[in-house]
Amino acid sequence: MPYGVGALLLAGIIAIAMSVGEQPSTGTSGLDTEAVADGGAILAANCAVCHGADLGGTATGPPFLDVIYAPNHHADEAFQRAAAFGVQPHHWNFGPMAPVAGLTREDVALIVAFVRSEQEAVGIFQDPSH
């Protein structure tokens, strides 16, 4: 192999290795652990009053640690839409959920990362009815 091609190949390998080293750390679920932690803090400030700090629900809101909220039943976009537009009850008898003012799509994505991580920790990967 000519010297120029070998140097170019080596430079490419080094660039790939460096970019892999810069990836966010992930836990066993593959979720970015920093995003999960940030999502937990945002959830605590905006959602825990109804859904519980432990995601177990409260007297005013349903638990996220239920197969109904598994990714194959309520996809990540369902969380986005609920936060942005509110939602009418269709699984629970808690009454309608109002939109959550001040949350960005990025905020909700972080909340979802936290919820998915907690779901995985308790073995919720899919709703078997779907």
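Throughout what follows, the structure given in this document is the object of discussion. (Residues numbered from 1 in each chain as written. Predicted model: local features only at pLDDT ≥ 70, side-chain atom pairs only at ≥ 80, totals over all residues. Heavy atoms only, no water.)

### As for the overall build of the protein
A count of helical and extended segments in the protein gives five helices and zero strands. Taken from the N to the C terminus, the helices and strands of the protein come in the order α-α-α-α-α. Put simply, the protein has 130 residues, and 30% of those count as buried. Across the protein, the fraction of contacts at a sequence separation of at least 24, relative to all contacts at a separation of at least 6, is 57%. With an accessible surface of roughly 8,000 Å², the protein has 63% of that area assigned to carbon and sulfur atoms. (Helix = DSSP H or I, 4+ residues; strand = E, 2+ residues; numbered from the N terminus. Buried < 20%, exposed > 50% of the residue type's maximum accessible area, 1.4 Å probe, protein only. Contact = heavy atoms within 4.5 Å. Areas by Shrake-Rupley, 256 points an atom, 1.4 Å probe, with all protein chains shown as cover.)

### Digging into the state of the cysteines
Summed over all chains, the structure comprises zero disulfides. Considering cysteine sulfurs only, Cys-50 is the nearest to Cys-47, which forms no disulfide, with 8.6 Å between them. (Disulfide = S-S within 2.5 Å.)

### Focus: the packing of aromatic side chains
Applying the stated rule across the entire model yields four aromatic pairs. Look at Phe-64 and Phe-79: their rings are 5.3 Å apart centre to centre, the planes differ by 55°, and that puts the pair in the tilted class. Taken as a pair, Phe-64 in the loop between helix 3 (48-51) and helix 4 (76-85) and Phe-79 in helix 4 lie far apart in primary sequence, 15 residues in all. Relative accessible area serves as the criterion here: at 7%, Phe-64 is assigned to the buried category. Aromatic pair Tyr-69 and Phe-79: ring centres 6.1 Å apart, planes at 55°, arrangement tilted. Of this pair, Tyr-69 sits in the loop between helix 3 and helix 4 while Phe-79 sits in helix 4, placing them ten residues apart in sequence. The same class applies to Tyr-69 as to Phe-79, namely buried. The structure contains a cluster of three or more aromatic residues connected by ring pairs, namely Phe-64, Tyr-69 and Phe-79. (Phe/Tyr/Trp six-rings, centres within 6.5 Å; stacked < 30°, edge-to-face > 60°.)

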